[in-house]
Amino acid sequence: KEGVLIVAPANQTVEIFQGRKQQRESRMQVMKASVDKEARTANGRRVEVAANIGEVASAHTAVENGAEGIGLLRTEFLYLEDAQPPSEEKQFRIYRDIFKVMGDRPVIVRTLDIGGDKPPSYLPFPNEMNPFLGWRAIRISLDEPELFKKQIRAILRAAMGHNARIMFPMVSDLDELRRARDIVDTVKRDLALASVEFAFDVPVGIMVETPAAAVLVDVLAEASDFFSLGTNDLTQYTLAVDRGNAKVANLFQPLHPAVLRLIKQTIDAAHANGKWVGMCGELAGMTKAIPILLGFGLDEFSMNPRAIPEAKYLIGQLTDERAREIANQAMSFGTATDIEDYIKGTLALYV
Ligand code: PEP
Ligand code: MG
């Protein structure tokens with residue numbers, strides 16, 4: 001790892017490296033064994049470890065890596081591959097194929113999250129100075145109800161006999177959430193009137209990825225069945241740092257104390273209102289963040305499928321009490337650098 005070559009090592013050095021090798025191998029064994037097991041903390045609390053995917057092929061990779069569900073199915077790819085929006089039938093087939101691969105595991109389908117940084121040609125995009133602050137995600141869905149309804153119809157029909165949930169991106173207040181839910185109800189009524197088969201009891205939730213949503217979780221809980229923290233956008237909007245701008249990449253700090261406070265506040269408020277709260281932003285799959293998030297009481301960690309074995313392993317190494325201590329300690333620091341330094345030292349004991 002350090003890129004050092006030791007010529008004619010002393011016996012003691014050989015022993016050290018053999019010890020490390022053995023440690024790594026036994027960790028690999030435990031990780032492999034954890035693929036088919038439910039994720040639990042060292043004291044037995046059940047935590048879900050799920051995958052973020054964007055197509056059918058990665059659903060297979062998710063299962064192979066031990067995903068207990070899909071915490072984020074990105075559907076943008078469907079809207080960006082053609083010069084016209086995807087038909088209801090095309091969407092229906094793709095969603096159904098993914099649900100089938102996942103069996104009875106939960107699958108959270110996020111409704112379209114396109115925007116000015118990746119504009120499809122068939123939508124009337126204005127020239128935007130700040131596309132990430134512009135016509136994006138739920139805002140487009142509410143302005144283009146026919147496009148949105150087609151997606152909801154496809155999801156509800158494909159969800160028959162499966163464990164599916166619907167999630168709206170970039171919600172920032174209760175009004176948006178209510179309007180989006182009303183559209184889901186209208187679609188259900190239309191399907192029922194036309195005697196089309198569909199899944200009726202599909203939970204509907206939102207991503208918490210704007211600071212506004214994080215601050216308003218107690219209010220949003222009235223109309224949201226669950227929450228999922230989107231730390232990529234939450235970090236971008238909280239710190240006013242463009243997530244795609246290399247010049248300010250060093251300022252993009254998901255472990256910034258301001259972001260951590262919003263995450264903790266979100267989890268506390270969701271739980272106080274009896275709601276499940278997961279995380280599908282990149283932070284959920286980072287080993288440096290997992291102990292803190294576990295200590296906050298996060299219910300689900302959703303990540304790149306390949307990060308799952310190690311995440312399950314790490315969760316299994318920590319008791320809730322220890323994770324809470326780590327989280328409290330992390331919260332006592334005033335800068336992201338101090339938090340990262342502290343967590344690096346602590347993690348060395350586990351991974
Ligand atoms: C997020 O913002 O954290 C998220 C998961 O959504 P996306 O990366 O697709 O914006
Ligand atoms: Mg996002």
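If you're wondering where the values come from, they're calculated on a predicted model, not measured in any experiment. (Residues numbered from 1 in each chain as written. Chains lettered and ligands numbered in written order. Predicted model: local features only at pLDDT ≥ 70, side-chain atom pairs only at ≥ 80, totals over all residues. Heavy atoms only, no water.)

For the protein chain, the count of helices and strands is 15 helices and 8 strands. In terms of overall dimensions, the protein chain is globule-like: its C-alpha atoms have a radius of gyration of 22 Å, near the 20 Å expected for 351 residues. Seen through its C-alpha atoms, the protein chain measures out along the principal axes to roughly 80 × 40 × 40 Å. The 351 residues of the protein chain split such that 50% are buried. For the protein chain, the proportion of contacts with a sequence separation of at least 24, taken over those separated by at least 6, is 68%. Carbon and sulfur atoms provide 50% of the accessible area of the protein chain, an area that totals close to 16,400 Å². Charged side chains of the protein chain number 41 positive and 47 negative; the gap between the two group centres comes to 4 Å. (Helix = DSSP H or I, 4+ residues; strand = E, 2+ residues; numbered from the N terminus. Rg over C-alpha atoms; globule rule 2.2 N^0.38 Å. Buried < 20%, exposed > 50% of the residue type's maximum accessible area, 1.4 Å probe, protein only. Contact = heavy atoms within 4.5 Å. Areas by Shrake-Rupley, 256 points an atom, 1.4 Å probe, with all protein chains shown as cover. Lys, Arg positive; Asp, Glu negative; His and termini not counted. Charge placed at Lys NZ, Arg CZ, Asp CG, Glu CD.)

In the first shell of the magnesium ion (ligand 2), the protein supplies Glu-209 (OE) and Asp-233 (OD), at 2.0 to 2.1 Å from the metal. Separated by 24 residues along the polypeptide, Glu-209 in the loop between β5 (204-208) and α8 (211-215) and Asp-233 in helix α10 (residues 231-239) bring together distant segments of the chain. On the accessibility criterion, Glu-209 (2% relative accessible area) is buried. (Donors = N, O, S within 2.8 Å, 3.2 Å for Na, K, Ca; no water.)

One broad trend across soluble globular proteins is that nonpolar side chains are buried collectively. Residues Tyr-95, Phe-168, Phe-227, Leu-229, Ile-263, Ile-292 and Phe-301 are the most contacted members of the largest nonpolar core, which totals 99 residues. Beyond its immediate sequence surroundings of up to four residues, Phe-168 is in contact with Thr-111, Ile-138, Phe-148, Leu-177, Ala-180, Arg-181, Val-184, Val-204, Gly-205, Ile-206 and Met-207. Grouped together as the second largest cluster of nonpolar side chains are 7 residues, Leu-72, Met-167, Trp-276 and Cys-280 included. (Core = buried A, V, L, I, M, F, W, Y, C linked by side-chain atoms within 4.5 Å.)

Let us look at the site of ligand 1. The local shell around ligand 1 holds 13 residues, among which Arg-74, Arg-110, Gly-230, Asn-232 and Arg-243 are the closest. At 3.0 Å from an oxygen atom of ligand 1 is found a side-chain nitrogen or oxygen belonging to Glu-209. Note that an oxygen atom of ligand 1 is positioned 3.1 Å from one of the backbone N or O atoms of Thr-231. The fraction of the free accessible surface of ligand 1 (290 Å²) that becomes covered by protein chains is 96%. If you tally residues by element for the shell around ligand 1, the top one is α10, at 3 residues. (Near = heavy atom within 4 Å. Polar contact = N/O pair within 3.5 Å; in protein donor to acceptor, adjacent residues only side chain to side chain.)

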